[in-house]
Amino acid sequence: MNAPQNSALATDIQQSRSLNPQLDDVVFSGIVAIRDRLLQHPNPLRLESGEPSFDTPEHIKEAAMRALRDNQTHYAPSTGVMPLKEAILRKLKNKNKVSCITSPNQVLVTNGGMHALYVAMTTLLEPGDEVILPLPNWTATNWIVTLAGGTPVRVKLHAENGFRWNLDEVRDALTPKTKAILINSPHNPTGGVFQREDLLGLLELAEEHGLYLIADEAYEDIVYEGEHIALAALASEFSPAVQERVISAFTFSKSYAMTGWRLGYLVSSHPKFCDNAKKMILYTINGVSTPTQYAGAAALDGPQDCVAEMLAEYRKRRDLLFSGVQACAYLHCEQPPMGAIYLYASITDAWQGSDWDLVDHLIDSHGLGCVPGNQFGDPTRALRFCFACSTEMIERATTALRS
Ligand code: PLP
């Protein structure tokens, strides 16, 4: 035995056992860097983060505490406890007007909306499949598609048209590799809301080309003009084959101020999709924490005034912030956002530097946080402001933007 040779061999083998390179290009989060700088400010204005200022309503917290007292502390079925699945089915039928989801087997409880999207993409995608995403888009979806082996293909949303797609441009982006289109309405980061005709047009495309449609319904309860239309509700106007290819991801995070609970769900009428997604859930989380699921059931079955109250407050904050942006020479925003908790403004020629320079300037001079459009894949100069932080912060941010 030659010890030095053996140890050289061991080093070679260790070096060849590299980490999964797929993650090397994934960017952690540019927003974290902004937050770190912002928090050095004595009195930061937290418009960079999508965190609601509200606390979870008492009756929801009470339901979790009751579940703990009742010893609902054991393993639960990995795709969700029956009281929650049944509450979700009632909500889908009565509120979302979805008629194609009727069985608990079609409901999969997930660890938040992000995990719902991860399960959907990993269940659907084969290496090289393309997924059409909005441009700009919530960065996470981009990376989730990449991690699931897919290729994101972004199609521009048009600010002058309320941040909606031109469906001809979506059609032009289709290739034989296109597997799915992701729809997020109301939209992060623009606040755009797709209209009925947009959703019907996408369902027609799906029918024509055999595509899957993934509806990210994270902001279903935050619509300021008109009403939210769930894509799965409109799918009932199409054949069962099209209905089966609509997969919807929901979350409790924004509707009920439950970001920290990590509770969401995925629904689909595609039997094989549900069977396979169930395996993904089993082998990633084996189910969401049991008391959390009872809190979710109470959120859906309990009084909904809290949702309406938060929406009313968001509307006030939106209008205030919009007035501040309109008064700021560096920013331009066509119209107040129609939904969600974000205002997306383009940067005018009055600002000479880059979008990152303007972010720095707003932090340095006012402690005001926001996110540059390039974080959402947008090559044009733009900023996203989130107005879910306190009204007092929005008032101060508005004064800063006016100065
Ligand atoms: N989808 C969009 C567009 C979002 O902005 C978010 C959160 O910010 C989510 C999904 C998922 O949220 P969560 O994982 O907290 O449920």
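Everything discussed here concerns the structure shown above.
Computed from a predicted structure; not experimentally measured.

## A short note on the sheet that holds strand S4 (residues 164-165)
Backbone-to-backbone hydrogen bonds join strands into a sheet, with any given pair of strands oriented parallel or antiparallel.
Piece 1. Sheet architecture is open: 8 strands sit in the order S1-S8-S7-S6-S5-S2-S3-S4, paired in mixed fashion. Of all strands in the sheet, those bounded by a partner on one side alone are strand S1 (107-110) and S4.
Piece 2. Pairing analysis gives 4 bridges linking S1 to strand S8 (residues 264-267), with the strands arranged antiparallel. Note on S8: the bridge partner recorded for Val107 is Val267.
Piece 3. Sheet contacts for helix H8 (residues 196-209): S4, strand S5 (178-184), strand S6 (212-216) and strand S7 (246-251); angle to S5, the most-contacted strand, approximately 170 degrees.

## Description of the pattern of salt bridges
Note that side chains of opposite charge can pair when their charged atoms are close.
Piece 1. For the structure shown, the criterion picks out 18 salt bridges.
Piece 2. For the salt bridge of Arg171 with Glu208, the shortest nitrogen-to-oxygen distance reads 2.9 Å. Within this pair, whereas Arg171 is found in helix H7 (residues 167-173), its partner Glu208 is found in helix H8, the two being separated by 37 residues in sequence.
Piece 3. Residues joined by salt bridges that share partners form a network here, namely Arg35, Arg46 and Glu48.

## What about the pairing of S5?
Piece 1. Burial runs high along S5: 7 of the 7 residues are buried.
Piece 2. Bridge count between strand S2 (residues 130-135) and S5: 3 bridges; the pairing is parallel. Bridge pairing in S5 links Ile132 to Ile181.
Piece 3. Where S5 lies against S6, 5 bridges are found, and the strand directions are parallel.

## Brief notes about the nonpolar core
Piece 1. Counting 104 residues, the largest nonpolar core has Trp165, Ile181, Leu331 and Phe385 as its most contacted members.
Piece 2. In terms of residue count, helix H13 (residues 305-326) provides more of this core than any other element does, 8 residues in total.
Piece 3. If we skip the residues at most four places from it in the chain, Ile181 touches Ile132, Trp165, Val170, Leu202, Leu205, Leu211, Tyr212, Leu213 and Ile214.

## Overview of the packing of aromatic side chains
Piece 1. The tally for this structure, following the rule as stated, stands at 10 aromatic pairs.
Piece 2. Relative to Phe376, the ring of Tyr344 lies with its centre 6.5 Å away and its plane at 70 degrees, an arrangement referred to as edge-to-face. Of the two residues, Tyr344 is situated in strand S10 (residues 342-347) and Phe376 in the loop between strand S11 (371-372) and strand S12 (382-386); the sequence distance between them amounts to 32 residues.
Piece 3. Looking at Tyr344, the relative accessible area reads 5%, which means it is buried.
Piece 4. Among the residues examined, Phe376 registers a relative accessible area of 0% and is labelled buried.

## Regarding the site of the ligand
Piece 1. Inspection of the region around the ligand gives 13 residues, with Gly113, Asp216, Tyr219, Thr251 and Arg262 positioned closest.
Piece 2. The contact in question runs from an oxygen atom of the ligand to an N or O atom on the side chain of Ser253, over 2.7 Å.
Piece 3. In the model, an oxygen atom of the ligand is placed 2.7 Å from a nitrogen or oxygen of the Arg262 side chain.
Piece 4. Look at the ligand: alone it shows 390 Å² of surface, and the protein chains cover 92% of it.
Piece 5. When residues of the shell around the ligand are assigned to their parent elements, the largest contribution, 3 residues, is made by helix H5 (residues 112-124).

Conventions and cut-offs
Within any chain, residue numbers begin from 1 and follow the written order of that chain's sequence. Two thresholds apply to this predicted model, a pLDDT of at least 70 for residue-level local features and 80 or more for giving and counting side-chain atom pairs, whereas whole-chain, interface and lining totals are computed over all residues. As a rule here, side-chain values cover all heavy atoms of the structure and leave hydrogens and water aside. Each pair of strands is called paired provided DSSP finds at least two bridges between the two strands. Working definition: helices are DSSP H or I runs of at least four residues, strands are E runs of at least two. Numbering for both runs from the N terminus. In this analysis, two residues are considered to be in contact whenever any of their non-hydrogen atoms come within 4.5 Å of each other. Helix axes are fitted only over the stretch in contact, all axes being lines through C-alpha atoms; the angle between N-to-C directions runs from 0 to 180 degrees. The working definition used for a salt bridge is a side-chain nitrogen of Lys or Arg within 4 Å of a carboxyl oxygen of Asp or Glu. Residue burial is assigned from relative accessible area. The probe radius is 1.4 Å, only protein chains are included, and a residue is buried under 20% of its type maximum, exposed over 50%, and partly exposed in between. In this description, a nonpolar core means a group of buried Ala, Val, Leu, Ile, Met, Phe, Trp, Tyr and Cys residues linked to one another through side-chain atoms lying within 4.5 Å. Each pair of aromatic rings taken from Phe, Tyr and Trp, with Trp reduced to its six-membered ring, is defined by centres within 6.5 Å and is described as stacked if the planes are under 30 degrees apart, edge-to-face if over 60, and tilted in the remaining cases. Residues are classed as near a molecule or strand on a simple rule: at least one heavy atom within 4 Å of it. The term polar contact refers here to a pair of N or O atoms within 3.5 Å; inside protein, the definition further demands a hydrogen-donor-capable atom paired with an acceptor-capable atom, and it admits residues adjacent in sequence only when both atoms are side-chain atoms. In this description, accessible areas are obtained by the Shrake-Rupley approach with a 1.4 Å probe, and a residue is regarded as covered only by the protein chains that are shown.

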